[in-house]
Amino acid sequence: EEAREGRPAPQQQRMPRLHTAPTPLLDWLVVGGGPCGIMAVGLLLERQAAQQTDCRLIGWVDRDRFSSVGRLGDRYASVPANTRNDQLVAAFESIPAFEFEERQAVRGEEALIRQPRSETSLLGYSVDALRDASDAMRASGKLRVCWERACVAELTFGEDRVWEALVELDDDESDTRELRAKRVILATGATPKEPSPTLRAKLDEAGIRVIDHDDLVAPDRCAQFGAANPPKDALPSALGIVGGAHSGMLAAMNVLGEPVIGGDGDNDDDGAQHPPPPHPGVRRVVVYDRKPAPRFAEERDGWIKYDGTGLKGAVADWTRRALGPRPTDTGASSSTSKSAASPGGGDPRLQWVQVPDDRPKTDEERLFPVYLQEHERRLVARFRQDGIGAVAFTVGFEKRKGHGGLRECAYQRWPVDLHLVKKHNVRNGRLAPGLHGVGLGFPEHWIDYDGDIEPRVGFVLHFRDHLKRAIDGALWEPDLRDMPFPMD
């Protein structure tokens, strides 16, 4: 019958459910305990306080432990931030539920609030502040549901016009609970983009090893190469890095250490001694990017150009010293790419190579794998030409596979494909009525004052404003329980 009406047939097999005492209908359910989930819960508690109500109708669940603060705390605490301390502090101070100043006072000199405001610091300071905020909100007694190690496996909008979440506890499919909420915010995070299976196969055939993004970007993990790892996993003499934004240049900085200006790599042109490089076996790092030169954030009158994609702080300073004067195209060693090192100074171990943007661009090209395969073939050919022994891809993040374990998401009878790149509303994160996504997995896009479009992420004031738009957008929708099915 469903097929005759033109509707997709519902799935016939569903996991066994353990029915327990029903929980009250929540106003909000936030999925994810990382930075974006923490800020979402903070704003919802602020709104709840403004309404002067004692109703605890906010639920919060995370697949991991709340103390981990998501992937940020697990992987990136040792990474230099790409956001100034004053912007981070302003965002934390703007959410009363965080109890930011009180909890920072306990940390003393190791608190984010005590770091120089106009500089950047390690992300570990922000992780501590976010962990404190999470602790404060969970201890406040103002959340109706607060479950860690709880995986939302199914999320459906059903006949009773509310979102129903099937939650597995402790990764046990036999121990499940049901939550019901009028509105849901997905803050399920993102993971580094990886090369496609076909590109991996070409790299394997060429004998070029792929290094995990986090193993080079996180300084504490990068330091393990050649130490805790077996010798066969040591970094090669020629290392390639695809992507020259913050993560790519940070990876190069972690590998090369202090820039060596001129000379033979032991002394600079002033005769100053340098500390030994972290990985002396690496003689050359080549950064491949579509741009002819690195892009730095630019301070403007009241705003920052390339705030989300430009280099800042310690990584920007290192890049300027390592590449010397802003590199220009100095000719190409092949007909399809341009090489840019710093002829007037800079570290001779670091090279910037501009590669053409010959990826599929039109819908017609994307339909035929031959276009993508040709792009990958040229890229691998360039690696081989440059003698690259291993390569890391630092080309941004993509939605977390499975969204933290979410296997099924459907609005009424229609599946919601959370992995489509342009599925969400880039201004308020809307995925479906009453369902919004925020954070790295569902980034905001904004138009700057020059008319350029740029994705914006990060736990700063503009993200707080984006979250408020998502919350307001969900509230402005009519009561979903009164909405008829579109196909009825």
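Residues numbered from 1 in each chain as written. Predicted model: local features only at pLDDT ≥ 70, side-chain atom pairs only at ≥ 80, totals over all residues. Heavy atoms only, no water.

A look at the overall build of the protein chain
A tally of helices and strands in the protein chain yields 13 helices and 22 strands. Scored against the burial criterion, the 488 residues of the protein chain give a buried share of 49%. Partitioning the intrachain contacts of the protein chain with sequence separation of at least 6 by distance along the chain shows that 71% fall at a separation of at least 24. (Helix = DSSP H or I, 4+ residues; strand = E, 2+ residues; numbered from the N terminus. Buried < 20%, exposed > 50% of the residue type's maximum accessible area, 1.4 Å probe, protein only. Contact = heavy atoms within 4.5 Å.)

Observations regarding the confidence of the model for the protein chain
Averaged over the protein chain, the pLDDT score is 82; the fraction of residues at 70 or greater is 78%. Every residue in residues 264-272 is under pLDDT 50, and counting partners more than four places away or in other chains gives 13 contacts. Long-range and interchain partners of residues 484-488, a stretch whose pLDDT sits below 50, account for 13 contacts in this model, where long-range means more than four residues apart. (pLDDT = per-residue confidence, 0-100.)

With respect to the nonpolar core
The biggest cluster of nonpolar side chains holds 77 residues, and the ones touching the most others in it are F92, F98, L216, V285 and L350. No other element matches helix α1 (residues 35-50), which puts eight residues into this core. For F92, the residues in contact, after removing those within four places along its chain, are F98, F100, L112, S126, A129, L130 and F459. Among the nonpolar cores identified, the runner-up in size contains 26 residues, and L29, V61, L179 and C409 belong to it. (Core = buried A, V, L, I, M, F, W, Y, C linked by side-chain atoms within 4.5 Å.)

Points about helix α3 (residues 85-93)
What α3 keeps buried is the set N85, Q87, L88, V89, A91 and F92. Structurally, α3 contributes buried residues whose contacts are with α1, α4 (100-107), α5 (123-139), β12 (304-305) and α13 (461-476).

As for unusual backbone geometry
Positive phi is not limited to glycine here, since R149 has a value of about 50 degrees. Relative to the helices and strands, R149 is located in the loop between β3 (145-148) and β4 (150-157). According to the relative accessible area criterion, R149 is partly exposed, its value standing at 27%.

Brief notes about the side chain of E454
Inspection of the secondary structure assignment puts E454 in strand β22 (residues 453-456). One polar contact links the side chain of E454 to the main-chain amide nitrogen of G308, over a distance of 3.3 Å. (Polar contact = N/O pair within 3.5 Å; in protein donor to acceptor, adjacent residues only side chain to side chain.)

Looking at the pattern of salt bridges
All chains considered together, the criterion is met by 34 salt bridges. A salt bridge links E298 to R300; the shortest N-O distance between them is 2.8 Å. Residues joined by salt bridges that share partners form a network here, namely E298, R300, K305, D448, D450 and D452. (Salt bridge = Lys/Arg side-chain N within 4 Å of Asp/Glu carboxyl O.)

What to know about the packing of α4 against α5
Here α4 crosses α5 at 125 degrees, and the two axes come no closer than 10 Å. On the basis of their axis angle, the class for α4 and α5 is oblique. Relative to α5, the crossing made by α4 is right-handed. From α4, F100, R103, Q104 and R107 reach across to α5, where they touch D128, A129, D132, D135 and A136. Here the residues of the contact of α4 with α5 sort into three nonpolar, one polar and five charged. (Axes fitted to C-alpha atoms, helices over the stretch in contact; angles between N-to-C directions. Parallel < 35°, antiparallel > 145°, perpendicular 65-115°, else oblique. Left-handed = near helix turned anticlockwise from the far one by under 90°. Nonpolar A, V, L, I, M, F, W, Y, C, P; charged D, E, K, R; others polar.)

Overview of the environment of L186
Counting through the fold element by element, L186 comes out in strand β6 (residues 172-186). Sequence separation of L186 and V31 is 155 residues, and the distance between their C-alpha atoms is 5.1 Å. Apart from residues lying up to four places away in sequence, L186 is in contact with V31, L155, L406, L418, L431, L435, H436, G437, V438 and F442.

Remarks on the packing of aromatic side chains
Per the counting criterion, the structure on display carries eight aromatic pairs. Ring centres 6.4 Å apart and planes at 80 degrees place the aromatic pair W303 and W446 in the edge-to-face group. With a gap of 143 residues between them, W303 in the loop between β11 (298-299) and β12 and W446 in strand β21 (residues 444-447) connect regions that are remote in the sequence. Side by side, W303 and W446 carry an identical accessibility label, which is buried. (Phe/Tyr/Trp six-rings, centres within 6.5 Å; stacked < 30°, edge-to-face > 60°.)

Describing α13
Since the α-helix turns once every 3.6 residues, residues separated by three or four places project in the same direction. For α13, built from 16 residues, the straight-helix expectation of 22 Å at 1.5 Å per residue is met to within 8% by its first-to-last C-alpha distance of 22 Å. Taken together, the buried positions of α13 are occupied by H462, F463, R464, H466, L467, A470, I471, G473 and A474. (Expected span 1.5 Å × (residues − 1).)

Examining the pairing of strand β9 (residues 238-242)
With five of its five residues buried, β9 lies for the most part within the structure. Along β9, one buried face is formed by A238, G240 and V242 and the opposite face, lined by L239 and I241, is buried too. Pairing geometry for β9 and strand β10 (residues 284-289), over five bridges, is parallel. Note that in β10 the partner of V242 across the bridge is Y288. Two strands pair when backbone bridges link them, and β9 and strand β15 (residues 390-393) are joined in this way by four bridges, in the parallel orientation. If you follow V242 over to β15, its bridge partner there is F393. (Pairing = 2+ DSSP bridges.)

Quick word on the side chain of D347
Inspection of the secondary structure puts D347 in the loop between β13 (338-340) and β14 (350-354). A distance of 2.7 Å separates polar atoms of two side chains, one belonging to D347 and the other to R349.

Observations regarding the pairing of β22
The alternating pattern of β22 places E454 and R456 on a buried face, while none of I453 and P455, on the opposite face, is buried. Of the strand pairs in this sheet, β21 and β22 are connected by four bridges, and their pairing is antiparallel. What sits directly across from H445, in β22, is P455.

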